[in-house]
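Architecture at a glance
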Amino acid sequence: MNFKQSLWDDSDPLYAPCMKKIRNGYFWVPPKKYRDQGYGIKTYKLEGTVGDGEDMARARHARALTREMVNWYEGVTEGKQPGTWAWLIARYLNDEDSDIWEVRSNTRKQYKEVTYMIERAIGSVFLAETDFTRMRAWQRVMREKGRSASYIKRWYNHLSMILSYGIKIGDAETRDDCLRIKAIRGEMRIKGGARRQVFITRQDVDVVVAEADRRGWGHLSLSLLLRFELMLRGVDVYGQWVPAENNEGGIRHHGAIWVDGMTWDMVAPDVSQITKQISKTRDSMPEPYTFDLTHLPDLRRRIMAIPMDKRTGPLIVDQSGLPPKQGMVSKRFKIITRHLGLDEALQIRDGRAGGITEAKAMVDPYTLQHAAQHQNQNTTDRYARDRSGSANKVIEMRAKR
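Residues numbered from 1 in each chain as written. Predicted model: local features only at pLDDT ≥ 70, side-chain atom pairs only at ≥ 80, totals over all residues. Heavy atoms only, no water.

Moving on: the overall build of the protein chain. Looking only at helices and strands, one finds 17 helices and eight strands in the protein chain. Within the protein chain, the fraction of its 401 residues that count as buried is 42%. Relative to all contacts within the protein chain whose residues are 6 or more apart in sequence, the contacts with residues 24 or more apart total 63%. With an accessible surface of roughly 22000 Å², the protein chain has 51% of that area assigned to carbon and sulfur atoms. (Helix = DSSP H or I, 4+ residues; strand = E, 2+ residues; numbered from the N terminus. Buried < 20%, exposed > 50% of the residue type's maximum accessible area, 1.4 Å probe, protein only. Contact = heavy atoms within 4.5 Å. Areas by Shrake-Rupley, 256 points an atom, 1.4 Å probe, with all protein chains shown as cover.)

Set out below in structure tokens:
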């Protein structure tokens, strides 16, 4: 659809593109071309009624809505050809009814990153031309390029999410193609990567904490101890910075907002316990965890050593007084492990796995599952490592009997 120059310069104050009169009211309705591309607004009721004398104001509003639509189309979808993967992905990412808007902003960011990878690889391919041979070829190319099994698995899992959206959007041809492709995907065997076997031992924790203290990186020492002793994810300890998508309050920095980490209002006044709702399971397991610190004297002393005038806002802050920037804790942990000559594969996230692995030999599986904040035992099993140690523990117990 071609729009008049007045859309941009307001030279005709009564020009009202996309406006339709329905009965006694006025509605702004995007053309089919834009709706097919996944533009979020389907219809928009304009203010006023026929004969109210507000035609100029309505026309101005219609032009504003149209400019927004055109800018979206040119900047986001770039006229992607209907029926291609790029076209479906554009709809999936921008339709306000898409499931991608039901997840949290940090998860949505991860989903988008994988989705953009898919688009770069197969965006120009038509859904109608996607068959088993082609899908197997994509898998083969990724292997030849050295992509890991976990990368390929994640790629195809997100492909399934996009196909599920395509099934639901209602266009008959698109739905049929997506149903057919998803059936093929369901029959394909996509192996995941091997389970990670690296974990941090208590001895590793002690030497890393000592070196972090020596360097003045108290935020790293406290973060590692909390992750190991309480078996927490990093996001529940020092939080994360995510795009600020609304006007809600909070700690903001360069267009991002800090969420999910520990704050001082979660710490008891006498530092005897920390009460924290686990971010990953807050919907399915909303009851917060209360962690007893009285049996962890070193951890408790560190928290109590923080001056009273600093006990507001986030518990973990770096030298700037703000929660650590994305990746900073991991980067500094890696600097120290390399300096100490520890296993090159160690990562800060292995602190949680180390705590779970140590606890595995001390408590029953059910207790360990809940201590690790997991919904099911299978998840806990993935974090509990050192399988040889478990086998030898059984041998030792049998020998004592």
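Following the structure, the description resumes.
Before going further, it helps to examine the nonpolar core. Leu220, Leu224, Leu226, Leu299, Ile303, Leu315 and Phe333 are the most contacted members of the largest nonpolar core, which totals 36 residues. Listed by contribution, the elements that provide at least two residues to this core are helix 9 (202-214), helix 10 (218-230), strand 8 (289-292), helix 12 (297-304) and helix 13 (328-340). Element by element, the count of residues in this core is highest for helix 10, at seven residues. Those residues in contact with Leu315, other than ones at most four positions away along the chain, are Leu222, Leu226, Met262, Thr263, Trp264, Ile303 and Ile306. Grouped together as the second largest cluster of nonpolar side chains are 28 residues, Ile89, Ile118, Met142 and Ile152 included. (Core = buried A, V, L, I, M, F, W, Y, C linked by side-chain atoms within 4.5 Å.)

The interhelical angle for the contact between helix 9 and helix 10, taken along N-to-C directions, is 160°, at an axis separation of 8 Å. In terms of orientation, helix 9 lies roughly antiparallel with respect to helix 10. The way helix 9 lies across helix 10 gives a crossing that is left-handed. In contact with Arg202, Val205, Val208, Val209, Ala212 and Asp213 of helix 9, helix 10 contributes Leu220, Ser221, Leu224, Leu225, Phe228 and Glu229. Class assignment of the residues belonging to the contact of helix 9 with helix 10 gives a composition of eight nonpolar, one polar and three charged. (Axes fitted to C-alpha atoms, helices over the stretch in contact; angles between N-to-C directions. Parallel < 35°, antiparallel > 145°, perpendicular 65-115°, else oblique. Left-handed = near helix turned anticlockwise from the far one by under 90°. Nonpolar A, V, L, I, M, F, W, Y, C, P; charged D, E, K, R; others polar.)

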